[in-house]
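Commentary on secondary and tertiary structure
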Amino acid sequence: MIRSMTGFGHASLSSQGYRVSMDIKTVNHRYCDISVRMPKEWMAYEDTIKKTVLRFIKRGRADCFVTIERDSASNKSVTVDWALVDGYMQAAEQLRQKHGLTGELHLSDLLKLPDLLAISEQREGGDDALADLLVACTEGALAELNGMREKEGSHLSEDLTVRLTMIEDLNAEMKRYAPEVVREYAAKLRQRIQDLLTDQVPVDEQRLAAEIALFADRSNVDEEMTRLHSHISQFRQLLGSREPVGRKLDFLIQEMNREANTIGSKAGHIEVSGRVIELKAELEKMREQIQNIE
């Protein structure tokens, strides 16, 4: 079953003192492009999330939004860089002695100085547990996302199947009208020659037959119709594939358009030309739908 490239998935999990929420939104894109937005302290896990997404998504742009809520602040601790404190104190004393400054360095002054205090967070379970939590949450969001993408893909498949049947019928109708192209040309050519010649001058049947044969060869569209039928069969098979087939379907639509253009230019028959116009209109609608298929 084909899948759409557009969808949304959400998941939330709680573990190791955190509640992690993941939102994943996907839209059309020619390739696979993944963007992750998460708190800076967890940026080391960005690659882990991207690798998880790649197992579920092969084409499209995926925007992943990670939010974190801490269950408590007990895991945080503050440490003092004592070496840096001593350095500041010595520098203050040197300034006082060299320039004859007065005053004392108070605690409030020290607390304003950069890098003296460092806030660290003790994470329960370690880095591996955090990575597992993120992966599990990502997989949950992706499962919901792909459910939506498959549902939309089912609707696309139904629409494309209906239009594919219409194209198949149009091809059959053109095949039925194709022999009339040569017969009508032969009748018109004979009548034109007869009108130009006097009644006493007979029509050169040999030259007339040669001209008709030449026209029949130029206007023959059997090969184009056979290839079009083959493209239709391939298209129908791809619609049932579990693999990403959007690019292949897009290529087939281009080839079907190519055959339709050739048939229209070679046939030169009003009925065939009318079918070609209908066929190209359906192909254009299918092409627009295919742009949303993974």
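This text goes with the structure placed above it.
Let us look at the structure shown here. (Residues numbered from 1 in each chain as written. Predicted model: local features only at pLDDT ≥ 70, side-chain atom pairs only at ≥ 80, totals over all residues. Heavy atoms only, no water.)

**Section: the pairing of strand 3 (residues 32-37)**
Condition: Strand pairing is defined by DSSP finding a minimum of two bridges between the two strands. Only DSSP runs of H or I covering at least 4 residues are called helices, and only runs of E covering at least 2 are called strands; the numbering of each starts at the N terminus. For the handedness criterion, the strands are oriented away from the viewer, and a crossover whose path from the first strand over the helix to the second runs clockwise is classed as right-handed.
Where strand 3 lies against strand 4 (residues 60-70), six bridges are found, and the strand directions are parallel. Note that in strand 4 the partner of valine 36 across the bridge is cysteine 64. In this view, the connection linking strand 3 to its parallel neighbour strand 4 by way of helix 1 (residues 46-54) has left-handed handedness.

**Quick word on the nonpolar core**
Operational definition: Here the nonpolar core consists of buried residues drawn from Ala, Val, Leu, Ile, Met, Phe, Trp, Tyr and Cys, with membership extended through side-chain atoms lying within 4.5 Å. A 1.4 Å probe rolled over the protein chains alone gives each residue an accessible area, and that area as a share of the maximum for its type sets the label: buried under 20%, exposed over 50%, partly exposed in between. Contacts are residue-level and defined by heavy atoms, with any inter-residue pair within 4.5 Å sufficient.
Grouped together as the largest cluster of nonpolar side chains are 31 residues, with contacts concentrated most on Leu160, Met174, Phe235, Leu249, Met256, Leu279 and Met286. Those elements that provide at least two residues to this core are helix 4 (126-196), helix 6 (222-239), helix 7 (246-267) and helix 8 (270-290). In terms of residue count, the dominant contributor to this core is helix 4 (eight residues). In contact with leucine 279, not counting residues within four places along its chain, are Ile167, Leu170, Met174, Leu228 and Ala260. In this structure, Ile24, Met38, Cys64 and Leu134 belong to the second largest nonpolar core, which totals 25 residues.

**A few points about the packing of aromatic side chains**
The way to describe two aromatic rings as a pair is by their centre distance and the angle between their planes. Note the cut-off: Pairing of aromatic side chains requires ring centres within 6.5 Å, counting the rings of Phe and Tyr and the six-membered ring of Trp. Pairs whose planes differ by under 30 degrees are stacked, by over 60 edge-to-face, and all others tilted.
Counted according to the given criterion, the structure contains one aromatic pair. Between tryptophan 42 and tyrosine 45, the ring centres sit 6.0 Å apart and the planes meet at 65°, which makes this aromatic pair edge-to-face. Taken as a pair, tryptophan 42 and tyrosine 45 share a single burial class, namely buried.

Any functional reading would require information beyond the geometric quantities listed.
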